Amino acid sequence: MPAISPERDHQFRRMRDAAREIFSAALKNASIENAFARNIHCERRVLRVGDDLYDLDSYNRVFVVSIGKAAHTMAAALEAQLGSGLEGIVASSIEPATQIRGFRYFRGGHPTPTSESIHAADAILKSLTALDSTELAIFMISGGGSSIVEKPVDDEISLPDLVATYRTLVHSGAPIAEINAIRKHLSAVKGGRLAQAAYPAQQVSILVSDVPDDTPDALASGPTMPDSTSIHDCERIAAKYNLVDQFPSSVADLFRHRALDETPKSDDPAFVRARWWTVLSNKVAVDEAAAAATRAGFAVEVDNSCDDWPYDKAAVYLLNRLRELRSRVSRVCLISGGEMTVTVRNGGVGGRNQQFALACAEQISGDDITVLSAGTDGIDGNSPAAGAVVDGSFVLRVGGRAGDRVDGAEDVRHALSTFNAYPLFDALGDTVVTGPTGNNLRDLRILLAY
């Protein structure tokens, strides 16, 4: 294969850097600190959340529960607004840099629950059931909470069975809303059951969302919200993906014997004194990426229509859309938010963002196109990366790793088929590595044509 000229190699490098800078700017500006500054304020002991006001001195007690990948950042942001003297529980998948006096800390598992996930759930349920109508529960919910705080609704479901069930769901290819519908009905804390535990206390939930905007109760499987899904939905989803035969017997039997318990709905008394406010979502990250791309001199288009699509279908769609836009303007940036689905079979090391980027690689080989795909939480699948960046030189650079200028397309296809994208990206320095960001606003895809 022909070598890349120094001029084109320089251009490719600049555009990979530009894509990284757009992603970094979106992460920085779509921060929890900024979101709290816009949406939450406390003055003279009156807390404003969105349009609601809470006179903290009118409650005998204020108890805070912060869960998910952004739990530590949210707890710190709330303390910055309210000051010291808070009490509560923080459960995340990472250790805190510092601990807030008055809080108990748990490190639950992600993407599958651990014994600490169950200990966190037990501690939260015990604390909430002790609340009465004179007290205020402040919930702060972020993505990842489904596995970080978990307790099976049936004592017959062991931790190994729970982990096996989560793995079956995550690898099924089902979108997150369908996965969470089943999680809710198998859990003692999801689908509004934390709200039931806290009743009759006043409740307000502050949400940092990693789910589609029209399904807020899918966030962390909706522990404090009325559940919009039903047992019938669970049965339909299980049949659609042939899940019952893959579940461990303790879970499969609940489906076979139609023994699932229904989750609380909007008419449940638990929600009479409950409010919910989304302060940060994928839309904010998309808007911040669009602003950064505009500053970098690109004409910008946003297209989120492939949310929850299979990664390969999304790759074809977005690249076709990018080429259509480039036919009308010389420098264009197409931004797409949300997540794609990947059905993993005997996978290696990687994640959905790296799989998507790799699916784009051969389709853009030789073209003046750069594609970055990464998770705003800094974690992509089972890899140490947040995602990856590819461009028109990628396949050639794969083939030239050993200096023999062979066609790298075969290596790309092999990595795709084995779901082992990370080693290939890592070898070329094309991973996007941020470390855990303390935030979780779904994924961003940044496609540049120039």
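Preceding this section is the structure that the text describes.
This is a predicted model, so every value here is computed, not measured.

Some thoughts on the overall build of the protein
Here's step 1: When helices and strands are tallied, the protein shows 16 helices and 15 strands.
Here's step 2: For 450 residues, the compact-globule estimate of 2.2 N^0.38 gives 22 Å, and the C-alpha radius of gyration of the protein, at 23 Å, lies within 12% of that figure.
Here's step 3: The principal-axis extents of the C-alpha atoms in the protein amount to approximately 75 × 55 × 35 Å.
Here's step 4: By residue count, 57% of the 450 residues in the protein fall in the buried class.
Here's step 5: Excluding contacts between residues fewer than 6 apart, the proportion of contacts in the protein whose partners are at least 24 apart in sequence is 78%.
Here's step 6: For the protein, the accessible area works out to roughly 18000 Å², and carbon and sulfur atoms hold 48% of it.
Here's step 7: Counting 45 positive and 58 negative side-chain charges, the protein places the centres of these two groups 3 Å from one another.

Thoughts on the sheet that holds strand β12 (residues 369-375)
Here's step 1: Pairing is mixed in the open sheet, where six strands are placed in the order β10-β11-β15-β12-β13-β14. Each edge of the open sheet carries a strand with a single partner, namely β10 (299-302) and β14 (431-432).
Here's step 2: Across seven bridges, the pairing between strand β11 (residues 332-338) and strand β15 (residues 443-449) is antiparallel. Residue pairing in the sheet places Gly337 in a bridge with Leu444 of β15.
Here's step 3: On top of the sheet, helix α11 (residues 282-295) reaches β10, β11 and β15; it is set at about 170° to β11, its chief contact.

Some points on the sheet that holds strand β7 (residues 135-142)
Here's step 1: With respect to topology, six strands assemble into an open sheet ordered β6-β5-β4-β7-β8-β9, the strand pairing being parallel. Edge strands, defined here as strands with exactly one partner in the open sheet, are β6 (103-107) and β9 (274-280). Pairwise comparison of adjacent strand axes, ignoring direction, gives a mean angle of 15° for this sheet.
Here's step 2: Both strand β4 (residues 61-67) and strand β5 (residues 87-92) contribute to a ladder of five bridges, which runs parallel. Along β5, the bridge assignment pairs Ile67 with Ala91.
Here's step 3: Relative to β7, helix α3 (residues 71-82) is tilted by about 135°, and along the sheet it contacts β4, β5, β6, β7 and β8 (202-208).

A closer look at helix α1 (residues 6-29)
Here's step 1: With 24 residues, α1 extends 35 Å between its outermost C-alpha atoms, agreeing within 8% with the 34 Å of an ideal straight helix rising 1.5 Å per residue.
Here's step 2: Those residues of α1 lying buried are Phe12, Met15, Arg16, Ala18, Ala19, Ile22, Phe23, Ala25 and Ala26.

Some points on unusual backbone geometry
Here's step 1: Along the chain, His110 connects to Pro111 via a cis peptide bond; the corresponding omega equals 10°.
Here's step 2: Position of Pro111 among the secondary structure elements: in the loop between β6 and α4 (115-129).
Here's step 3: In this structure, Pro200 follows Tyr199 across a cis peptide bond, with omega equal to 15°.
Here's step 4: Examined against the element boundaries, Pro200 turns out to sit in the loop between α8 (193-198) and β8.

Here's the deal with the nonpolar core
Here's step 1: Ranked by internal contacts, the top residues of the largest apolar core, which has 60 residues, are Phe36, Leu47, Ile138, Met140, Ile206 and Leu448.
Here's step 2: Of the residues forming this core, the biggest block, eight residues, is contributed by α1.

A closer look at the packing of helix α13 (residues 352-361) against helix α16 (residues 421-428)
Here's step 1: Close contact between α13 and α16 brings their axes to 9 Å; oriented N to C, the two are set at 70°. When the axes of α13 and α16 are compared, the pair comes out roughly perpendicular. On α16, the residues touching Gln354, Gln355, Ala357 and Leu358 of α13 are Ala421, Tyr422, Leu424 and Phe425.
Here's step 2: Its residues assigned to classes, the contact of α13 with α16 shows six nonpolar, two polar and no charged.

Calculation notes
Residues numbered from 1 in each chain as written. Predicted model: local features only at pLDDT ≥ 70, side-chain atom pairs only at ≥ 80, totals over all residues. Heavy atoms only, no water. Helix = DSSP H or I, 4+ residues; strand = E, 2+ residues; numbered from the N terminus. Rg over C-alpha atoms; globule rule 2.2 N^0.38 Å. Buried < 20%, exposed > 50% of the residue type's maximum accessible area, 1.4 Å probe, protein only. Contact = heavy atoms within 4.5 Å. Areas by Shrake-Rupley, 256 points an atom, 1.4 Å probe, with all protein chains shown as cover. Lys, Arg positive; Asp, Glu negative; His and termini not counted. Charge placed at Lys NZ, Arg CZ, Asp CG, Glu CD. Pairing = 2+ DSSP bridges. Axes fitted to C-alpha atoms, helices over the stretch in contact; angles between N-to-C directions. Expected span 1.5 Å × (residues − 1). Core = buried A, V, L, I, M, F, W, Y, C linked by side-chain atoms within 4.5 Å. Parallel < 35°, antiparallel > 145°, perpendicular 65-115°, else oblique. Nonpolar A, V, L, I, M, F, W, Y, C, P; charged D, E, K, R; others polar.

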